[in-house]
Every structure is written in C-alpha cells, then in structure tokens.
Amino acid sequence: MPVRNRFAEMQPEITAWRHDFHEHPELMYDVHRTAGLVEERLNAFGCDEVVPGIGKTGVVGVIKGKSTASGKVIALRADMDALPIHEETGLDYASKTPGKMHACGHDGHTAILLGAAKYLSETRNFDGTVVLLFQPAEEGGAGGKAMVDDGVMDRWGVQEVYGLHNMPGLPVGHIATRVGGLLASSDEFEIEVTGKGGHAAAPHDAIDTTLVASQIVVSLHSIVSRNIDPIHRVVLTVGTFETDSTASNVIAHRAKLKGTVRTLDSENRALAEERVRRVAEDTASAFGANATVKWTPGYPVTENTAQEVEYAVEAARAVAEKVDPDAAPIMPSEDFAYMLEARPGAYIFLGNGDTAMCHHPAYQFDDSAIPLGCSWFVELCERRMPASSS
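Residues numbered from 1 in each chain as written. Predicted model: local features only at pLDDT ≥ 70, side-chain atom pairs only at ≥ 80, totals over all residues. Heavy atoms only, no water.

*Asks:* If you had to explain the nonpolar core to someone new, which residues and values would you point to?
*Replies:* With 63 residues, the main nonpolar core has Leu42, Leu76, Leu132, Phe134 and Trp376 as its most contacted residues. Once you skip the residues sitting within four places of it in the chain, Phe134 turns out to touch Val38, Leu42, Gly58, Val59, Ala78, Met80, Thr110, Leu113, Leu114 and Met147. (Core = buried A, V, L, I, M, F, W, Y, C linked by side-chain atoms within 4.5 Å. Buried < 20%, exposed > 50% of the residue type's maximum accessible area, 1.4 Å probe, protein only. Contact = heavy atoms within 4.5 Å.)

And the structure:
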C-alpha cells in the first residue's frame, strides 16, 4: 500500500489511541473524556491554537504551515461520539460501559485525524493553515451543525472542508467518493389517525383507525414507485404502527405511524414531504377519519462539490491501492452535510474490509486502515497548499 512510511511507523501509537477511545465510548454531546484527550494531544503536538467547547463539546485545533502566504485555510473533520448499542465483539479492548459502543468507527476517525495532526505539526510542509474539527453528536445530535452555528467556519476562515468515514465491504486500501449526493437526507414523520372507537362486533358504528392507518401505510409505499423518477433514489419506510388499544375486541380510537424518508436531492425531499401529507390526510378523509402529519427535518443530503472531489481523488490516488471516483451513493445520512452546506468540500469512504456493517453490535473497525486515512488527510493538505520551494 503506497501510504506514507511515517504512518506505518506511527500505526501502533495511533491504534493504541483508538483502542482507548473504544474502551470508553461516549454518546452525543457527552464526550467530555474523549474531547479532553483530543485537546490534550493537540496541545502536546504543538498545534498553534487549541480551542475546546465549540459546538458544545467540540474541539478545534489549528496548525500553520511553514508559510501562510497562500492564505489558504482547509478544515479536516472527525466525529467523536459512539452509539447506544451493547457490544458483542469479544475484543480484549471492548467497551467498558454496557449499552454504549463505538459501532460506527468514530473512534477510528478521531484517531486517524489525531495521527494526521501529529504529522502535520511535526512537518508543517505546506503553505497555509489546517483547521482540525473534532465534533460531537454525529449520531442524531447534529453536532456538525452545532459547530457551524457556533461560527467555526467564519472564526477560522475555513475555505474548504474534508472528512472521511470507514466503509465495511470496501476493501482496506481502497477509497471511494463521488460528485454530488453521496449520502441521503434523513427526515422523520409521525402520522396520527383519529377515527371513532367502538366494539369489534359493531364496526358499522365505528370508524376503524386500524383499517385507515393500514390503508395509509400501503398508499405511502406507492409514493416512491409512482411519484419519483425511477432513476432517482428515494427510500420511505414506516417503522412503527401503534393503536390506543391492545384488546382483540376493540376498534381503536387512534392509531399512530412513525417512519423515515431518505432522498439524495432537495427536489425529491420536498416532493416526498408533500406527498406523505397528502396521502395521509386524503386517505383518512375518504374513510371519514382524520390524519395529522408531523414532519421533522433531519440531516440534509451530504453533497460533495465537484472541484473538491477532484482534489480528494488526486490525493487518494497518490496513497491508496485503488480509488473509485464515481461510487454509488448510499441512503444512510451524515451530519457532515451541514459543513458541506457551509463550505465547499468532499467526503470519502475509507475501506474497512469484510466486517459487520456499521451500527451492528459485532462491528469492528479495521486498524490496518489507519495509515491510509492519515496519509490521505496529509496528502490532501500538502497538495492543496504546496510549500514554497524558495
């Protein structure tokens, strides 16, 4: 693998950092131990500036090159939080906190960016400024948005932003990305259907909300097949169905549905919301019932910009075994999307080999992917901000 030799040498140290993070997972914004260690290490590396408490518990590190005459400022991002999952890996460094686990590899992302930070602080072989963004609460808490809202881009003059995520199923040594939507938006809906409760033996005297809600579920699943251009990717899933009765001889007065919609562009995102509302309300009305829809916008589409993908791919080709510049998008969501709304940039997938998928209790981050992740971050910075030869 054509990674930088220095990272092959540093791998045991960086791996030890990751294993420590893995043993002590923290959720959402409550990442005080992790953020404290990140701050401590950035200071020890000799970063020019280290600022905690950005976006509640995020940490920002700043590394200036041998020169800053270019005026370029590039941000690199890693997420620090874990998931509320009970670990089932059997690793000797498994989570010491029952019910919490680094099941998405954020411990690996944090360790990789720390490794890149140590190297960049030592060499400073670039002309410009690198801003390191260690964010909390990617897993549902919109920590990326919190950091942007806290002014991280403007305060440090960030011009471009880059990040990575490990990808189970992609071989170690490989990097993949694409221009445009790489990961989907994620919105949630809740539909409450109100009818008229009654005795199961007298359905004619009731308005059966279970029947109405069932019709809504079936009709919702026609939205994608009959309203969305088939070459576009949209996923709609009804995840829960509840009524206000558990008795077999009762027609429930109310029923509640909850679900999620994933899209890869803003037009289909808006269309999906409009159609969910219309289908629910009109279907209920046809049966004499009433439906109210609560729509909760989630993470936007993670949308890479073309020029920055080109930079990311050039750097990847210098250090990876194989690069896919036109990877298929996937439908999970990622709050790096908020950073890409604030600044141009690119997000890549880093091969994690044949492992259980992210968010699975048996998931494992492959430590052999660390040198490539570190190398890509550094290669990107040095190519985007080449040091003066004078």
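*Asks:* Describe the packing of aromatic side chains, with residues and values.
*Replies:* For the coordinates displayed, the defined rule picks out six aromatic pairs. An angle of 35 degrees between the planes, with centres 5.9 Å apart, marks the rings of Trp17 and Phe45 as tilted. Of the two residues, Trp17 sits in helix α1 (residues 5-23) while Phe45 sits in helix α2 (residues 32-45), which places them 28 residues apart along the sequence. Overall, the relative accessible area of 8% leaves Trp17 in the buried class. (Phe/Tyr/Trp six-rings, centres within 6.5 Å; stacked < 30°, edge-to-face > 60°. Helix = DSSP H or I, 4+ residues; strand = E, 2+ residues; numbered from the N terminus.)

*Asks:* Give a detailed account of the side chain of Ser121, specifying residues and quantitative values.
*Replies:* Looking at the secondary structure, you find Ser121 in helix α3 (residues 106-123). Within the structure, the side chain of Ser121 is placed 2.8 Å from the backbone oxygen of Ala117, a separation counted as a polar contact. With residues up to four places along the chain from it excluded, the contact list for Ser121 reads Phe45, Cys47 and Ile63. (Polar contact = N/O pair within 3.5 Å; in protein donor to acceptor, adjacent residues only side chain to side chain.)

*Asks:* Account for the packing of α1 against helix α11 (residues 370-384), naming residues and giving values.
*Replies:* Contact pair α1 / α11: the axes reach a minimum separation of 9 Å and the direction vectors enclose 115 degrees. Every pair of crossing elements has a handedness; the one defined by α1 and α11 is right-handed. Contacts between α1 and α11 pair Phe7, Gln11, Ile14 and Thr15 from the former with Ile370, Pro371, Cys374, Ser375 and Val378 from the latter. Partitioned by chemical class, the residues of the contact of α1 with α11 number six nonpolar, three polar and no charged. (Axes fitted to C-alpha atoms, helices over the stretch in contact; angles between N-to-C directions. Left-handed = near helix turned anticlockwise from the far one by under 90°. Nonpolar A, V, L, I, M, F, W, Y, C, P; charged D, E, K, R; others polar.)

*Asks:* Talk me through the sheet that holds strand β5 (residues 160-167); I want residue IDs and the actual numbers.
*Replies:* Judged by pairing direction, the sheet is mixed, and its eight strands sit side by side in the order β1-β2-β4-β3-β5-β16-β6-β15 without closing on themselves. Two strands close off the open sheet at either side, each with one partner strand: β1 (49-54) and β15 (322-324). Sheet twist, expressed as the mean angle between neighbouring strand axes with direction ignored, is 20 degrees. Pairing geometry for β1 and strand β2 (residues 58-64), over five bridges, is antiparallel. Pairing of Glu49 across the sheet is with Val62, part of β2. (Pairing = 2+ DSSP bridges.)

*Asks:* Outline the pattern of salt bridges, listing residues and values.
*Replies:* Two side chains that carry opposite charge are able to pair once their charged atoms sit near each other. The full count for this structure, using the stated rule, is 22 salt bridges. Across the pair Arg384 and Glu160 runs a salt bridge whose closest N-O atoms are separated by 2.5 Å. One end of the pair, Arg384, is in helix α11; the other, Glu160, is in strand β5, with 224 residues separating them in the sequence. Among the residues examined, Arg384 registers a relative accessible area of 11% and is labelled buried. In this structure, the salt-bridge partner of Asp326 is Arg178, at a minimum N-O distance of 3.5 Å. Remark: Arg178 occurs in the loop between β6 (174-176) and β7 (180-183) and Asp326 occurs in the loop between β15 and α10 (336-342); sequence separation between them is 148 residues. What makes Asp326 exposed here is its relative accessible area of 56%. Using a relative accessible area of 19% as the deciding quantity, one classes Arg178 as buried. (Salt bridge = Lys/Arg side-chain N within 4 Å of Asp/Glu carboxyl O.)

*Asks:* Just give me the short version of unusual backbone geometry, but keep the residues and values in it.
*Replies:* A positive phi angle, close to 50 degrees, is found at Met28, a residue other than glycine. What makes Met28 partly exposed here is its relative accessible area of 33%. Backbone geometry places Lys56, a non-glycine residue, at a positive phi of 75 degrees. Position of Lys56 among the secondary structure elements: in the loop between β1 and β2. Classification of Lys56 as exposed rests on a relative accessible area of 59%.

These values are about where atoms sit, not about what they do.
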